[in-house]
Amino acid sequence: MTDTSASAPGQPTAQTAGLASGGAGSNRFRGARNYLALIPFHAYIFLFLILPTAIVAVGAFTTASGQPTADNVSRLFTDQTFIDAFTKSIELAVSTAIAGAIIGGLLAWAVVRGDPNGPLRQFVIAASGVLAQFGGVMLAFAFLATFGFNGLATMFVRDVLHLDVLTDASWLYSLTGLVVVYTYFQIPLMLIVFLPSLDGLRQEWYDASSSLGGSSWSFWRYVGGPILAPAFLGALLLLFTNAFSAYATAAALISQGASIVTLQIAGSLQSEVVIGQENVGKALALGNANINCHIHGEVDPYVAGPTAIGVFLGASIGSRVAHRIDLRILRFLFVAVLLYTAVQMLLKVAS
Amino acid sequence: MTGFDRSIGRLLIVVTYIAALLLLVGVLLMLASGISPLSGGPALDVSAITSDLASLQPAGFLWLGLLAVIATPITRVVAAAVAFARAGEPRMVLVAVAILAVIAISITTAALTG
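These numbers were taken from a predicted model, which means no experiment stands behind them.

Colleague: Help me out: how do you make sense of the overall build of chain B in this one?
Modeller: Summing up its helical and strand segments, chain B has four helices and zero strands in all. Shown N-terminal to C-terminal, the secondary structure of chain B runs as helices and strands in the order α-α-α-α. Long-range pairs, those at least 24 residues apart, make up 59% of the contacts in chain B with a sequence separation of at least 6. As presented, chain B carries roughly 7,100 Å² of accessible surface, and 74% of it is formed by carbon and sulfur atoms.

As structure tokens, then:
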């Protein structure tokens, strides 16, 4: 480092000035490089968030032949089927979000109060991480296999305990069933999202409140509550959107009668009555075929075989060469492959 | 690592390679026959595997390979139970047996319900 102590303040030597300007230049260059590194991220966001949203938004205001119209949107407010669907979706999302937020929040609080390095905390967090992602068709199948008409619990209660409690399993295929199933993944999601905020609450704040004569209620009213409120409301909103936009679980559970918005959307796209949506219908039919296949727990050898070979080769080769490859190159390679796959998927759906 | 563990490890590697080989043959036969992975394959019929293998049908090779892949971790659990029993750890034997029981129940239920 150049010794500048001999020079007068505010008059940098030529050497340091040169260094300063050179540093600024390289900083600018580094900044530009950082933005370049963000290009894959922006491309990803554009392809998967902005472009689909734009396609949906434009499509909502155009006819099948591409003419501008407001009829599609006005039907949302006039057609009773759509109004009912929105009402049920909102009921479902609100009830599961509130139930998930309250139960998950209390569970998170219980975890925070426990030993920070204890096995219970580790277990609950690990289990929540898994269960929060345990949604979609897998979850629907789990509930069908447990509480369906021929589910394990249903048959056990009926045939072994000889009770009529769970015999009528029709509740599972209704909105009540969806509420129960959705809450199952909302609670662990709430725990994961809310736990860091609760961890941030300091014991010292409670002690300070107490030493100033505050009660437990006044601590929560003036300190804990306001600090946690944004995180809690944010998590609540996340749970709401999570339930509102969920499709696969509802599609797997409710096969007849599209009662919520996501099922209505799928129904509209697949409907043979709507002209000009045949290709989308085909794409969705393929998806449905896969979903049905998974519900029955079947393995398709034509899919599983190539997949297993791919995994085997990938794992065998990867474990040998991964440590020799520069991670940056590997990252770029993965981004390139993912982008290529994404574009292919979009092109397939578009065609 | 005991000799028992080593021999089990070797057995699992061999079974994995055999499974991969069977799957590879199945996939190559699929390619040769022009079968698309999305065309929907036949359900498992254990009695048909031998005839499928004899007539070089891809489904036979794929199903045998998949069954071998599924059997590999189960074999490992059985081996673990034996190893724990030899080492005198009854609690771990119980865990291994419980895992096997869950697998057995699921296979039996699937077989009974078709």
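This is not the end of the story, as more comes after the structure.
Colleague: What is the right way to look at the packing of helix H4 (residues 80–113) of chain A against helix H10 (residues 216–244) of chain A in this model?
Modeller: Each pair of packed helices gets described by two things: the angle between the helix axes and the distance between those axes. All names here are of chain A. It is the contact of H4 with H10, at a shortest axis distance of 9 Å, that shows an interaxial angle of 135°. Viewed along their axes, H4 and H10 adopt a mutual orientation that is oblique. Seen along the crossing, H4 lies across H10 with a hand that is right-handed. Residues Phe 86, Ser 89, Ile 90, Ala 93, Val 94, Thr 96, Ala 97, Ile 98, Gly 100, Ala 101 and Trp 109 of H4 pack against Trp 220, Phe 232, Leu 236, Leu 239, Phe 240, Ala 243 and Phe 244 of H10.

Colleague: Help me out: how do you make sense of the packing of helix H9 (residues 203–211) of chain A against H10(A) in this one?
Modeller: All names here are of chain A. One way to put it is that H9 packs onto H10 with a least axis distance of 10 Å and a crossing angle of 140°. In terms of axis orientation, H9 runs oblique to H10. Seen along the crossing, H9 lies across H10 with a hand that is right-handed. In contact with Trp 205, Tyr 206 and Ser 209 of H9, H10 contributes Ser 216, Ser 218, Phe 219, Val 223 and Ile 227.

Colleague: What is the right way to look at the nonpolar core in this model?
Modeller: Soluble, globular proteins show a tendency: their nonpolar side chains are buried together. All names here are of chain A. Counting residues in each nonpolar core, the largest one holds 20 residues, and the members touching the most others are Leu 178, Tyr 182, Leu 253 and Ile 260. Residue assignment for this core shows that the elements contributing at least two residues are H4, helix H6 (136–147), helix H8 (175–200) and helix H11 (248–253). Ignoring anything within four residues of it in the chain, the contact list for Tyr 182 reads Leu 92, Thr 96, Ala 243, Ala 246, Thr 249, Ala 250 and Ile 260. In this structure, Ala 97, Ala 101, Phe 194 and Ala 235 belong to the second largest nonpolar core, which totals 16 residues.

Colleague: Teacher, can you tell me more about the interface of chain B and chain A here?
Modeller: Residue-level contacts link 20 residues of chain B with 12 residues of chain A. Counting the surface lost from both chain B and chain A, the interface buries some 1,400 Å², and carbon and sulfur atoms represent 83% of this. Among the residues of chain B in contact with chain A, Pro37(B), Leu38(B) and Leu66(B) are the three that bury the most area, contributing 26% of the side total. Along the contact surface separating chain B from chain A lie zero salt bridges. Our count for the contact surface shared by chain B and chain A stands at one residue pair in polar contact (both at pLDDT 80 or more). Listing elements by their share of the side of chain B that touches chain A, those giving two or more residues are helix H1 (3–33) and helix H3 (58–87) of chain B.

Colleague: I'm lost on the packing of aromatic side chains in this one. Help?
Modeller: The geometry of an aromatic ring pair comes down to the distance between the two centres and the angle between the two planes. For the coordinates displayed, the defined rule picks out 10 aromatic pairs over all chains. Relative to Phe219(A), the ring of Tyr206(A) lies with its centre 5.0 Å away and its plane at 80°, an arrangement referred to as edge-to-face. Remark: Phe219(A) occurs in helix H10 and Tyr206(A) occurs in helix H9; sequence separation between them is 13 residues. Given a relative accessible area of 29%, Tyr206(A) falls into the partly exposed group. Centroid distance Phe312(A) to Tyr17(B): 5.7 Å. Interplanar angle 90°. Geometry classified as edge-to-face.

What counts and what doesn't
Residues numbered from 1 in each chain as written. Chains lettered and ligands numbered in written order. Predicted model: local features only at pLDDT ≥ 70, side-chain atom pairs only at ≥ 80, totals over all residues. Heavy atoms only, no water. Helix = DSSP H or I, 4+ residues; strand = E, 2+ residues; numbered from the N terminus. Contact = heavy atoms within 4.5 Å. Areas by Shrake-Rupley, 256 points an atom, 1.4 Å probe, with all protein chains shown as cover. Axes fitted to C-alpha atoms, helices over the stretch in contact; angles between N-to-C directions. Parallel < 35°, antiparallel > 145°, perpendicular 65-115°, else oblique. Left-handed = near helix turned anticlockwise from the far one by under 90°. Core = buried A, V, L, I, M, F, W, Y, C linked by side-chain atoms within 4.5 Å. Buried < 20%, exposed > 50% of the residue type's maximum accessible area, 1.4 Å probe, protein only. Buried area = accessible area lost by both parts, 1.4 Å probe. Salt bridge = Lys/Arg side-chain N within 4 Å of Asp/Glu carboxyl O. Polar contact = N/O pair within 3.5 Å; in protein donor to acceptor, adjacent residues only side chain to side chain. Phe/Tyr/Trp six-rings, centres within 6.5 Å; stacked < 30°, edge-to-face > 60°.

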